[in-house]
Amino acid sequence: MPACMISVKTLAQNTEVPSLKKTFKTDFLIGAAVNALQIEEKDLKADRLIKQQFSAVTPENVMKAEIIHPGWDVYNFDLADKLVAYALKNNIKVNAHNLIWHSQLPHFMLAIKDADSVRQYFANHITTVAGRYDNKVYSWDVVNEALNEDGSLRNSIFLQKLGDNYIVEAFRLAQKAAPHTKLYYNDYNIEQPKKRAGAIALIKKIQAAGVRIDGVGIQGHWKASNVPMTDIEETIKAFAALHIEVMFTELDLSVLPNPWDGNSAEVNKTARGSEKMNPYPNGLPDSVQHLQARAYADLFRLFLKYKQNVSRVTFWGVNDGQSWLNNWPIRGRTNYPLLFDRNFQPKPAFYSVIATENEK
Ligand code: XIL
């Protein structure tokens, strides 16, 4: 074997994969959503990557009401406590997700008919759960996805039973229970003008009531072929003008066709599959890899431009095989939305993101 080939091989083996959290250390936190297996440290390859790459984690499911609060006075803190211990051990910040959301609610709660009992559930839930993790988690998504696409309030069980002040009340209760924890509003499509206007009105209402809100999370479930860059930039500026942190909290760039027009992350809306809707079951063509890599780089250039305002960028999952987008909105597809492939190897999108740091 010629000497030059040996040296190339040795170089490849010795070259460390760069670290996202180190690369963007002075810019913003870099997070990932983690699942139960990862929290229990049963997914060793993911574990290695989480420690190397991420400075923040968001529990993908284990702090949602259906898991953490399964009965009227029954709480199940097992996995949430493990997550907190895991993060502490590894010097990673926890963004707790979430306190009040219309989805993944426990059955007992959905069966409540009278408004007073809903109000009591609401107060008990926030006080007990947020109170337990004050000083243990960095932040809470206090309210998740409360808005419709036109900016009006979603007709959730909370709106129906508690009236339109429930969001202010949720933040007020969270502030009392978790005085040392940052409090955020989180939603998808709030970069779109009408929904953005609804979010701004909501945030102003919370602020006008004298209640603390520290930041707003733009979920960022977009299509790699159609990231709304101009809307995102306008939204960063508009939210920053409210003097709160701006975050990208559930970033993934799908490469699969969407059964509906536009971007959406309405979890309760699903569709049926077909071969046409699952075009890459055996691997992603180079052209799509590169299109996705360019889209991710464009986004990170924008995040860096506004690094004074953007405090965290979190990916919704660790690797492509673990992404919720393999099963939503159509079950059983093969999607490739993240920076690491199914074997935990960095993709072209990973390197294009890392490269944006050197352009600063
Ligand atoms: C998703 C999880 O990734 C899935 O495992 C679960 O089955 C459904 O919820 N917006 C949110 C997240 O705020 O909590 C959702 O997470 C994705 C959309």
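This is a predicted model, so every value here is computed, not measured. (Residues numbered from 1 in each chain as written. Predicted model: local features only at pLDDT ≥ 70, side-chain atom pairs only at ≥ 80, totals over all residues. Heavy atoms only, no water.)

**A closer look at the pairing of strand β6 (residues 215–218)**
Burial along β6 is two-sided: the residues Gly215 and Gly217 and Val216 and Ile218 are all buried. As defined by bridge partners, strand β5 (residues 182–187) adjoins β6 across 4 bridges and the pair is classed as parallel. Across the sheet, tyrosine 184 pairs through a bridge with glycine 215, a residue of β6. A crossover links β5 with its parallel partner β6, the connecting element being helix α11 (residues 193–208), and its sense is right-handed. Bridge count for β6 against strand β8 (residues 245–254) is 4 bridges, and the pairing is parallel. (Buried < 20%, exposed > 50% of the residue type's maximum accessible area, 1.4 Å probe, protein only. Helix = DSSP H or I, 4+ residues; strand = E, 2+ residues; numbered from the N terminus. Pairing = 2+ DSSP bridges. Right-handed = clockwise from strand over helix to strand, strands pointing away.)

**Considerations on the site of the ligand**
Looking at the ligand, there are 14 residues lining it, with Glu60, Lys64, His97, Glu250 and Trp316 nearest. In the model, an oxygen atom of the ligand is placed 2.5 Å from a nitrogen or oxygen of the glutamate 60 side chain. At 3.2 Å from an oxygen atom of the ligand is found a side-chain nitrogen or oxygen belonging to glutamine 104. With the chains in place, 82% of the 420 Å² that the ligand exposes on its own is no longer accessible. Looking at the shell around the ligand residue by residue, the class counts come to 4 nonpolar, 6 polar and 4 charged. (Near = heavy atom within 4 Å. Polar contact = N/O pair within 3.5 Å; in protein donor to acceptor, adjacent residues only side chain to side chain. Areas by Shrake-Rupley, 256 points an atom, 1.4 Å probe, with all protein chains shown as cover. Nonpolar A, V, L, I, M, F, W, Y, C, P; charged D, E, K, R; others polar.)

**Digging into the confidence of the model for the chain**
Caution applies to low-pLDDT regions: their predicted coordinates should not be interpreted in detail. Scored by pLDDT, the chain has a mean of 94; 94% of the residues are at 70 or more. Contacts of residues 1–14 to residues separated by more than four positions or lying in other chains number 1 contact, the stretch itself having pLDDT below 50. (pLDDT = per-residue confidence, 0-100. Contact = heavy atoms within 4.5 Å.)

**Some remarks on the pattern of salt bridges**
Going through the model one piece at a time under the given rule, you end up with 17 salt bridges. Between glutamate 41 and lysine 89 there is a salt bridge, with the nearest N and O atoms lying 3.1 Å from each other. You can see glutamate 41 sitting in the loop between α3 (36–39) and α4 (44–53) and its partner lysine 89 sitting in helix α6 (residues 78–89), a full 48 residues away along the chain. Residue glutamate 41 is classed as partly exposed on the basis of its relative accessible area of 30%. (Salt bridge = Lys/Arg side-chain N within 4 Å of Asp/Glu carboxyl O.)

**Some details on unusual backbone geometry**
Cis peptide bonds are those with omega within 30 degrees of zero, and the linkage from histidine 97 to asparagine 98 qualifies with -5°. Relative to the helices and strands, asparagine 98 resides in strand β3 (residues 93–100). Here the residue pair tryptophan 328 and proline 329 is connected by a cis peptide bond, since its omega of 5° sits within 30 degrees of zero. Mapped onto the fold, proline 329 is located in the loop between β9 (310–315) and α14 (348–358). Even without a glycine there, the phi angle at histidine 243 is positive, about 65°. Position of histidine 243 relative to the elements: it lies in the loop between α12 (229–240) and β8. Judged by its relative accessible area of 74%, histidine 243 is exposed.

**Observations regarding the packing of helix α10 (residues 166–177) against α11**
It is the contact of α10 with α11, at a shortest axis distance of 10 Å, that shows an interaxial angle of 50°. It follows from the interaxial angle that α10 and α11 lie oblique. Taken as a pair, α10 and α11 cross one another with a handedness that is right-handed. Residues Ile167, Val168 and Phe171 of α10 lie in contact with α11, whose contacting residues are Leu202, Lys205 and Ile206. (Axes fitted to C-alpha atoms, helices over the stretch in contact; angles between N-to-C directions. Parallel < 35°, antiparallel > 145°, perpendicular 65-115°, else oblique. Left-handed = near helix turned anticlockwise from the far one by under 90°.)

**Focus on the packing of aromatic side chains**
For the structure on display, the rule yields 19 aromatic pairs. Their ring planes at 20° and their centres at 5.6 Å tell us that phenylalanine 24 and phenylalanine 28 sit as a pair that is stacked. For the residue pair phenylalanine 24 and phenylalanine 28, the accessibility class agrees, reading buried in each case. Judged by centre distance (5.3 Å) and plane angle (45°), the ring pair of phenylalanine 24 and phenylalanine 300 falls under tilted. You can see phenylalanine 24 sitting in the loop between α2 (20–23) and β1 (29–34) and its partner phenylalanine 300 sitting in helix α13 (residues 286–305), a full 276 residues away along the chain. Taking relative accessible area as the criterion, phenylalanine 24 reaches 0% and is therefore assigned buried. Above the ring of tyrosine 138, the side-chain terminus of lysine 93 is found at 5.2 Å from the ring centroid. (Phe/Tyr/Trp six-rings, centres within 6.5 Å; stacked < 30°, edge-to-face > 60°. Lys NZ or Arg CZ within 6 Å of the ring centre and 35° of its normal.)

**Describing α12**
With 12 residues, α12 should reach 16 Å at 1.5 Å per residue; the first-to-last C-alpha distance of 17 Å fits that figure. Within α12 the residues assigned to the buried category are Ile232, Glu233, Thr235, Ile236, Phe239 and Ala240. When α12 is viewed along its axis, its buried side chains cluster within an angular range of 160° and face the same direction. Residues of α12 that are buried sit in contact with α11, β6, β7 (221–223), β8, α13 and β9. (Expected span 1.5 Å × (residues − 1). Arc of directions from axis to C-beta.)

**Digging into the side chain of asparagine 335**
When you line up the elements, asparagine 335 lands in the loop between β9 and α14. Engagement of the side chain of asparagine 335 in a polar contact is seen with the backbone nitrogen of valine 255, the distance being 3.2 Å. Excluding residues within four positions of it along the chain, asparagine 335 makes contact with Ser254, Val255, Leu256, Asp320, Leu325, Asn326 and Arg342.

**Comments concerning α6**
For an α-helix, the turn length of 3.6 residues means that residues three or four places apart are oriented alike. The terminal C-alpha atoms of α6, which comprises 12 residues, lie 17 Å apart, in line with the 16 Å expected from a rise of 1.5 Å per residue. Inspection of α6 places Leu79, Ala80, Leu83, Val84, Tyr86 and Ala87 among the buried residues, and these make up the whole buried set. End-on, the buried residues of α6 take up no more than an arc of 160°, which puts them together on one face. Facing away from the buried surface of α6 by more than 90 degrees, the exposed residues are Leu88 and Lys89. The inward-facing, buried residues of α6 contact β1, α3, α4, β2 (56–59), α5 (65–68) and β3. Trailing α6 by a residue or two, asparagine 91 shows a phi angle of about 60°, which is positive.

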